[in-house]
Amino acid sequence: MPIALEIISPEKLLLARDVDMVVIPGTEGDIGVLPGHSMLITGLRGGLVDIYEKDQVTDRFFVSGGFAEITESRIAVLADEIVRQADLDPAKAADALAKAKAAYEAADLNNADAYREVSDQLISAQAMVDSIAPGKAE
Amino acid sequence: MASLKSLRNRINSVKSTRKITSAMKMVAAAKLRRAQAQAEAARPYACRMGEMLAALAASEAGNPNASPLLVGNGKSKTHLLVAVTADRGLAGAFNANIAKAVRTKAKALEAEGKTVKIFTLGRKGNDALRLDMKDKIVGTKNFVGKKAASFADAEEVAQELVRGFKAGEYDVITLVYNHFQNVMVQKPTEQPLVPAAQPTANDNKMEHNYEVEPDDGSLLERLLPRNLAVQIYAALLDNSAGFYAAQMTSMDSATRNAGEMIKKLTLSYNRARQANITTELIEIIAGAQAV
């Protein structure tokens, strides 16, 4: 029995199809979602969304963050920013990481909101750089 | 009666105006289709976001520590009106309607003794409102030179609004934009952004069955600013679709008016020409008889 996957960016519905399993980067750790998963809403950190069909990764997307809504027969990934892993640009990723690091250094550590924002940014940028290295998450 | 030459000149100038307006109409029609498709494409995200938010907000009902973005900060002294307009004109009353709606709303709020601040999104709204409400405008942003507003733009605006709200610069945020009903009707609409929705005890009975990670509160903390951006983005898309629709209709009627004008001018041109010929004939005949 497949599970209906929807990957949605704010601009458009990116992908909607039935797959066997999806692994998403939840804020509290990676979550493998199979059909019949209990109902769950979770935040996403920066990382890779892996789509499995017949025990093979058939598609792999990088998300910078977002949310996922999971029901027994459906998973909706609401991504802030999403790119196919193959389309990631190493130069851009390195640039984003450098910027996030600079922002992190400059951040006011006493302001919890601002601190959380820059650290989220840093994690997401680091994840983007890591995602480029092939086969790392295998 | 005007001379033949001046009539001919006028006919030519109206004809070239008609060419321009009809070309603008075609361009607006093409852009309208694209803008509508974009608005359509953004709907699934907003839809899912709304569902998730509703589920989480219901569980926050009665929680005194619920996020201020959701339930407000308990005051309603200072209102921020976000006026969404287009960057360009030639679209009938499209932009003027928003300026009017903002003025009416601002007057009504001031009559209740509230302070009003205005944030203008789009150049035309800023141009119109700064004439008489310059001191109330706290911020402005436009997308001149861009094809269409992107989500990143909406997010920037949302961040600015959240920052202002958290700093206590305003207590209530309302979005005023043209809702695109159909090609003929764009309705100025007010939409409350903050507080998002007061969860009522009534909502409790449809309490969600979701497990939530990390937890309701901190997820809402991330979801709410995001939702703000989504709503602003939706308004921007609605605005651009509405703008092209308004431009298309107004350019269509301009083209038709030009056609009527040309008809009238041609008629008086022909009359003048015939009168000239008749006079000339009379002169010739009178001359021939005199010989």
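Parameters at a glance
Residues numbered from 1 in each chain as written. Chains lettered and ligands numbered in written order. Predicted model: local features only at pLDDT ≥ 70, side-chain atom pairs only at ≥ 80, totals over all residues. UniProt positions renumbered as here; feature names shortened; annotations may be inferred. Helix = DSSP H or I, 4+ residues; strand = E, 2+ residues; numbered from the N terminus. Rg over C-alpha atoms; globule rule 2.2 N^0.38 Å. Domains from an automatic or database assignment. Contact = placed C-beta atoms within 7 Å. Pairing = 2+ DSSP bridges. Axes fitted to C-alpha atoms, helices over the stretch in contact; angles between N-to-C directions. Expected span 1.5 Å × (residues − 1). Buried ≥ 20, exposed ≤ 12 C-beta atoms within 10 Å, placed from the backbone. Right-handed = clockwise from strand over helix to strand, strands pointing away. Nonpolar A, V, L, I, M, F, W, Y, C, P; charged D, E, K, R; others polar. pLDDT = per-residue confidence, 0-100. Parallel < 35°, antiparallel > 145°, perpendicular 65-115°, else oblique. Left-handed = near helix turned anticlockwise from the far one by under 90°.

- Looking at an unreviewed UniProt entry, chain B carries the name ATP synthase gamma chain, with the source organism given as Acidocella aromatica.
- Reading the Function (unreviewed entry) entry of the UniProt record for chain B gives the comment "Produces ATP from ADP in the presence of a proton gradient across the membrane. The gamma chain is believed to be important in regulating ATPase activity and the flow of protons through the CF(0) complex."
- In UniProt, chain B has this text filed under Sequence similarities (unreviewed entry): "Belongs to the ATPase gamma chain family."

- An unreviewed UniProt entry lists chain A under the name ATP synthase epsilon chain, from Acidocella aromatica.
- Turning to chain A, the UniProt record has this under Subunit (unreviewed entry): "F-type ATPases have 2 components, CF(1) - the catalytic core - and CF(0) - the membrane proton channel. CF(1) has five subunits: alpha(3), beta(3), gamma(1), delta(1), epsilon(1). CF(0) has three main subunits: a, b and c."
- Quoted verbatim from the Function (unreviewed entry) field of the UniProt record, the comment on chain A reads "Produces ATP from ADP in the presence of a proton gradient across the membrane."

What about the overall build of chain B?
No. 1: In terms of regular secondary structure, chain B is built from seven helices and six strands.
No. 2: What you see in chain B, going N to C, is helices and strands ordered as α-α-α-β-α-β-α-β-α-β-β-β-α.
No. 3: Here the C-alpha atoms of chain B give a radius of gyration of 28 Å, more than 25% beyond the 19 Å that 2.2 N^0.38 yields for 291 residues.
No. 4: In terms of principal-axis extent, the alpha carbons of chain B reach across some 110 × 40 × 35 Å.

Digging into the domain arrangement of chain B
No. 1: Domain annotation of chain B identifies domain 1 (4-23 + 251-290) and domain 2 (43-249).
No. 2: Computed over C-alpha atoms, the centres of domain 1 of chain B and domain 2 of chain B are 53 Å apart.

Looking at the domain arrangement of chain A
Residue and element names in this part refer to chain A.
No. 1: Domain boundaries in chain A define domain 1 (3-85) and domain 2 (88-132).
No. 2: For domain 1 and domain 2, the distance between their C-alpha centroids amounts to 22 Å.
No. 3: Domain 1 puts nine residues into the contact, and the matching count from domain 2 is seven residues.

Some details on the sheet that holds strand E5 (residues 186-194) of chain B
Residues and elements named next belong to chain B.
No. 1: Strand order in the open sheet formed by five strands is E3-E2-E1-E4-E5, and the pairing between neighbours is mixed. Of all the strands in the sheet, just strand E3 (137-141) and E5 have a single pairing partner and so form its edges. Taking the axes of each pair of neighbouring strands and ignoring which way they run, one obtains an average angle of 20 degrees across the sheet.
No. 2: As paired strands, strand E2 (residues 115-121) and E3 are joined by four bridges and run parallel to one another.

Description of the UniProt feature "domain: ATP synthase F1 complex delta/epsilon subunit N-terminal" (unreviewed entry) in chain A
No. 1: Following the UniProt record, the feature "domain: ATP synthase F1 complex delta/epsilon subunit N-terminal" (unreviewed entry) maps to residues 4-81 of chain A here.
No. 2: Strand forms 69% of residues 4-81 of chain A and helix 0%; the C-alpha atoms that close the span are 21 Å apart.

A few points about helix H2 (residues 43-59) of chain B
No. 1: In this model H2 of chain B runs 25 Å from its N-terminal to its C-terminal C-alpha over 17 residues, within 8% of the 24 Å that 1.5 Å per residue would give.
No. 2: Residues of H2 of chain B that are buried: Tyr45, Arg48, Met49, Met52, Leu53, Ala55, Leu56, Ala57 and Ala58 of chain B.
No. 3: Taken together, the buried residues of H2 of chain B touch strand E1 (3-8), strand E5 (40-44), strand E8 (66-70) and strand E9 (74-79) of chain A together with helix H3 (68-71) and helix H7 (216-290) of chain B.

Side note on the environment of glutamate 112 of chain B
No. 1: With respect to the secondary-structure elements, glutamate 112 of chain B resides in the loop between helix H4 (94-111) and E2.
No. 2: Taking the C-alpha atoms as reference points, glutamate 112 of chain B and lysine 77 of chain B, 35 residues apart in sequence, are found 9.8 Å from one another.

A word on the pairing of E2 of chain B
Residue and element names in this part refer to chain B.
No. 1: By the criterion of burial, E2 is predominantly enclosed, with five of the seven residues buried.
No. 2: Looking at chain direction, strand E1 (residues 78-84) and E2 are connected through seven bridges and run parallel. In the sheet register, valine 82 faces E2, and the bridge partner there is phenylalanine 119.
No. 3: Where the polypeptide runs from E1 across H4 and back to E2, its parallel neighbour, the crossover connection is right-handed.
No. 4: The β-α-β motif built from E2, the intervening helix H5 (residues 123-133) and the parallel element E3 has right-handed crossover chirality.

A short note on the interface of chain B and chain A
No. 1: Of the residues lining the interface, 19 residues belong to chain B; the matching set on chain A comes to 19 residues.
No. 2: Where the side of chain B that touches chain A is concerned, the elements lending two or more residues are H2, strand E6 (211-213) and H7 of chain B.
No. 3: Classifying every residue of the side of chain B that touches chain A gives 14 nonpolar, one polar and four charged.
No. 4: In the sheet, E5 of chain A pairs with E6 of chain B via three bridges, with the strands oriented parallel. Bridge assignment links leucine 40 of chain A to a residue of E6 of chain B, and that residue is glutamate 211 of chain B.

Examining the confidence of the model for chain B
No. 1: Per-residue confidence for chain B gives a mean pLDDT of 87; residues scoring 70 or more make up 94%.
No. 2: Predicted confidence in chain B is weakest over H3 of chain B, with a mean pLDDT of 79, and strongest over helix H1 (residues 4-41) of chain B, with 94.

Focus on the packing of H4 of chain B against H5 of chain B
Residues and elements named next belong to chain B.
No. 1: Running from N to C, H4 and H5 point in directions that differ by 40 degrees, and their axes come no closer than 9 Å. If you check the angle between H4 and H5, you find them oblique. Considering only the axes of H4 and H5, their crossing is right-handed. Every residue of H5 that contacts H4 at Asn95, Ala96, Ile98, Ala99, Val102 and Ala106 is listed here: Lys124, Gly125, Ala128, Leu129 and Met133.
No. 2: The residue inventory of the contact of H4 with H5, partitioned by class, reads eight nonpolar, two polar and one charged.

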